[in-house]
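# Working through the structure, step by step
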Amino acid sequence: FKGIGVEANVSRALSYFYSKLTHHQDAGYYVGEIHMGVGDPTKQHVNVASALQGYTVSAHLGNVLAMHKLGHMHQRGLGVSSRSCAAAAQYFRSVAERGEWAMSLNRA
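## Some remarks on the side chain of Asp40
One can find Asp40 in the loop between helix H2 (25-35) and helix H3 (48-60). Summary of buried charges: Asp40 has no salt-bridge partner, and the nearest side chain of opposite charge, Lys43, is 6.6 Å away. A polar contact is formed between the side chain of Asp40 and the side chain of Thr42, at a distance of 2.8 Å. Residues in contact with Asp40, not counting those within four places in the same chain, are Val10 and His45.

Written out as structure tokens, the structure reads:
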């Protein structure tokens, strides 16, 4: 969606990622990123509920970055009916259990 080697086209990228949503663990992560406004200078695709759905599918397929994003969304109450420290902790625990490399997610 960032146009590396081709012209950037966020709508086309989003369509492609949706077509791979249940078959590739990274597709839902990128659906979530686009719907959170990452890589979309126009922000025309921002939709927090759709981001939550994309991250959720990706997390269930094992994407650790999606689990991390879901932890923050539940912690802050973004796209969910109410904040849930328990749900956030569960996602952060899942990230932590996958190894030391996950510690780099908390830097920045």
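The rest of the description comes next.
## Here we look at the packing of aromatic side chains
Under the counting rule described, the total for this entry stands at four aromatic pairs. With a centroid separation of 5.2 Å and an interplanar angle of 25°, the aromatic rings of Phe17 and Tyr30 are classed as stacked. Placement of the pair is Phe17 in helix H1 (residues 10-19) and Tyr30 in helix H2, with a sequence separation of 13 residues. Judged by relative accessible area, Phe17 falls into the buried class, the value being 15%. The exposure class assigned to Tyr30 is partly exposed, which follows from its relative accessible area of 31%. Judged by centre distance (5.3 Å) and plane angle (75°), the rings of Tyr29 and Tyr30 are edge-to-face. Residue Tyr29 is classed as buried on the basis of its relative accessible area of 11%. Among the aromatic residues, those joined into a ring-pair cluster are Tyr16, Phe17, Tyr29, Tyr30 and Tyr55.

## Some remarks on the nonpolar core
Counting residues in each nonpolar core, the largest one holds 13 residues, and the members touching the most others are Leu52, Tyr55, Ala59, Ala66, Met67 and Leu70. For this core, the elements supplying multiple residues, two or more each, are H3, helix H4 (64-76) and helix H5 (85-96). With five residues, the top contributor of residues to this core is H4. Aside from chain neighbours lying at most four places away, what touches Leu52 is Leu70, Met73, His74, Gly79 and Val80. By size, the runner-up hydrophobic cluster in this structure holds seven residues, among which are Leu14, Phe17, Leu21 and Val31.

## Brief notes about H4
Given a rise of 1.5 Å per residue, 13 residues ought to cover 18 Å, and the 19 Å separating the end C-alpha atoms of H4 matches this to within 8%. All buried positions along H4 are accounted for by Val64, Ala66, Met67, His68, Leu70, Gly71, Met73 and His74. The elements touched by buried residues of H4 are H2, H3 and H5. Where H4 begins, one side-chain oxygen reaches toward the backbone nitrogen of Leu65, 3.0 Å away; that side chain belongs to Asn63.

## What to know about unusual backbone geometry
At Lys43, a position not held by glycine, the phi torsion is positive, near 60°. Structurally, the position occupied by Lys43 is in the loop between H2 and H3.

Calculation notes
Residues numbered from 1 in each chain as written. Predicted model: local features only at pLDDT ≥ 70, side-chain atom pairs only at ≥ 80, totals over all residues. Heavy atoms only, no water. Helix = DSSP H or I, 4+ residues; strand = E, 2+ residues; numbered from the N terminus. Buried < 20%, exposed > 50% of the residue type's maximum accessible area, 1.4 Å probe, protein only. Lys, Arg positive; Asp, Glu negative; His and termini not counted. Salt bridge = Lys/Arg side-chain N within 4 Å of Asp/Glu carboxyl O. Polar contact = N/O pair within 3.5 Å; in protein donor to acceptor, adjacent residues only side chain to side chain. Contact = heavy atoms within 4.5 Å. Phe/Tyr/Trp six-rings, centres within 6.5 Å; stacked < 30°, edge-to-face > 60°. Core = buried A, V, L, I, M, F, W, Y, C linked by side-chain atoms within 4.5 Å. Expected span 1.5 Å × (residues − 1).

Shape descriptors only; they carry no functional weight alone.
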